[in-house]
Amino acid sequence: MTDIDCFNLLSSLEMNLYQPGIEDSFNNNELNQFKNYRSSYKNQVDKVRNHAASILLDKLQQNESSLKNGITNLESAIEHIEDKINFLSTLNNVVGLVATILKVVA
């Protein structure tokens, strides 16, 4: 079960405790006890929600960091390729000039 599945299950169970008419099946003493249990359950669900959200946030931050590192590496590789292209272009110009000089001299 994933964190999201657990989160969704706990939320749906909590919502069942607030269904219309659910309180009508209890007498006054039981109703107070039910409300206390329901409140306690809500607090526990909130803790689990916060914990799950914290885990998801950590994972997102790790993914963001990994993505930023990947982008930096990609930009570096592109810059390296552009440097090679510029060098080859310059080398092509030099070879062209040498060829022109050789034609003129010959």
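## Digging into a nonpolar patch on the surface
Taken together, the side chains of Phe87, Leu88, Leu91 and Val95 define a hydrophobic patch exposed on the protein surface, amounting to about 410 Å² of accessible area. Inspection of the secondary structure assignment puts Leu88 in helix α2 (residues 28–105). You can call Leu88 exposed: its relative accessible area is 53%.

## A closer look at the pattern of salt bridges
If you walk through the whole model with that rule in mind, you get five salt bridges. Put simply, Asp46 and Arg49 hold a salt bridge, and the shortest N to O gap is 3.2 Å. One end of the pair, Asp46, and the other, Arg49, are both in helix α2, three residues apart, so they sit about a helical turn from each other. The class of Asp46 is partly exposed, set by a relative accessible area of 23%. Each member of the salt-bridge network shares a partner with another, and the members are Glu14, Lys42, Asp46 and Arg49.

What counts and what doesn't
Residues numbered from 1 in each chain as written. Predicted model: local features only at pLDDT ≥ 70, side-chain atom pairs only at ≥ 80, totals over all residues. Heavy atoms only, no water. Patch = residues over 30% accessible without salt bridge, like charges linked within 9 Å, V, L, I, M, F, W, Y side chains within 5 Å. Areas by Shrake-Rupley, 256 points an atom, 1.4 Å probe, with all protein chains shown as cover. Salt bridge = Lys/Arg side-chain N within 4 Å of Asp/Glu carboxyl O. Helix = DSSP H or I, 4+ residues; strand = E, 2+ residues; numbered from the N terminus. Buried < 20%, exposed > 50% of the residue type's maximum accessible area, 1.4 Å probe, protein only.

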